[in-house]
Structures are given as C-alpha cells and as structure tokens.
Amino acid sequence: MGLSNRVRYFRFMRNELSQAELADKVSVSRQTIVAIEKGNYNPSVELALRLAKVLDTTVEELFVIEEVEA
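As the structure is a prediction and not an experimental result, all values here were calculated from the model. Residue positions are given per chain, counting from 1 as you read along its sequence in written order. Local features in this predicted model are restricted to residues whose pLDDT is 70 or higher, and side-chain atom pairs enter the listing and the counts only when it is 80 or higher, whereas totals over whole chains, interfaces and linings include all residues. Side-chain metrics rest on all non-hydrogen atoms present in the structure, leaving aside hydrogens and water.

**Student:** Can you walk me through a nonpolar patch on the surface in this structure?
**Tutor:** Taken together, Tyr-9, Phe-12 and Met-13 make up a surface patch of nonpolar side chains, about 340 Å² in accessible area. By the element assignment, Met-13 lies in helix 1 (residues 7–15). On the basis of relative accessibility, which here comes to 54%, the residue Met-13 falls in the exposed class. Nonpolar side chains (Val, Leu, Ile, Met, Phe, Trp, Tyr) within 5 Å and like charges within 9 Å form the patches, drawn only from residues with over 30% relative accessible area and no salt bridge. Throughout, the Shrake-Rupley method with a 1.4 Å probe supplies accessible areas, and for residues the shown protein chains are the sole cover considered. We count a salt bridge whenever a side-chain nitrogen from Lys or Arg sits within 4 Å of a carboxyl oxygen from Asp or Glu. Starting at the N terminus, helices and strands are each numbered in turn, a helix being any DSSP run of H or I of at least four residues and a strand any DSSP run of E of at least two. Burial status follows relative accessibility: with a 1.4 Å probe on protein chains alone, a residue under 20% of its type maximum counts as buried, one over 50% as exposed, and anything between as partly exposed.

**Student:** Would you explain the pattern of salt bridges in this entry?
**Tutor:** Oppositely charged side chains can form a pair if their charged atoms are brought close together. According to the stated counting rule, one finds two salt bridges in the structure shown. The partner of Arg-11 in a salt bridge is Glu-37, with the nearest N and O atoms 2.6 Å apart. Of the two residues, Arg-11 is situated in helix 1 and Glu-37 in helix 3 (residues 30–38); the sequence distance between them amounts to 26 residues. For the pair shown, Arg-11 and Glu-37 are each scored as buried. Note that Arg-50 is salt-bridged to Glu-46, the shortest N-O span being 2.9 Å. Residue Arg-50 and its partner Glu-46 are both found in helix 4 (residues 45–54); the two are separated by four residues, about one turn of the helix. Here Arg-50 falls in the partly exposed class, since its relative accessible area comes to 28%.

**Student:** I'm lost on helix 4 in this one. Help?
**Tutor:** Here helix 4 has its buried residues at Leu-47, Ala-48, Leu-51 and Ala-52. An end-on view of helix 4 places all buried positions within 135 degrees of arc, on one side of the element. Pointing more than 90 degrees away from the buried face of helix 4 are the exposed residues Val-45, Glu-46 and Lys-53. Comment: arc refers to directions from the helix axis out to C-beta atoms.

**Student:** Which parts of the structure should I look at to understand the side chain of Thr-57?
**Tutor:** Tracing the chain through its elements places Thr-57 in the loop between helix 4 and helix 5 (59–62). Should any heavy atoms of two residues lie within 4.5 Å, those residues are considered in contact. If sequence neighbours within four positions are ignored, Thr-57 has contacts with Phe-10, Ala-52 and Leu-62.

**Student:** Which parts of the structure should I look at to understand the side chain of Glu-37?
**Tutor:** We classify Glu-37 as buried; its relative accessible area is 18%. Between N or O atoms, a polar contact is any pair within 3.5 Å; within protein, one atom must be a potential hydrogen donor and the other a potential acceptor, and residues adjacent in sequence are included only when both atoms are from side chains. At a separation of 2.9 Å, a polar atom in the side chain of Glu-37 contacts the side chain of Gln-19. Dropping the residues within four chain positions of it, Glu-37 is found in contact with Asn-5, Val-7, Arg-8, Arg-11 and Gln-19.

Next comes the structure, spelled out in structure tokens:
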C-alpha cells in the first residue's frame, strides 16, 4: 500500500497558497510541505488534520491509500 496526496491541488484550487504560506499556517518548514507534495514524507495524523483544516477539506480527500498489486 502506498499513500498519495493532493496537497498541491488543494493548495492551488482552494486558497492559492504558496508552499511557504501553507507551511507557516500549519507550523512546519517549507521543505516539509515540498516533501509531502512529492510523496517523500508522510505527515503525522496531527499534521494531516492541520493541513486538511487550513485547506478546507477532509483528511480523506487530501490523502489516499493506494493499493499496490503484488
């Protein structure tokens, strides 16, 4: 199973926030937002909830578990 996200999509479509602005609103570094958007870092539940709140969506819409065939 893999985790994909739509942080970049919601950042542009909902609030038109820059990575730095979003990072500031959820109290992380811009590099953390970059890593999440690239799929290199999976956020904690707390951070996922903060991202969803700022981006005015749900965690379920923001992060999707993808089935990987064996």
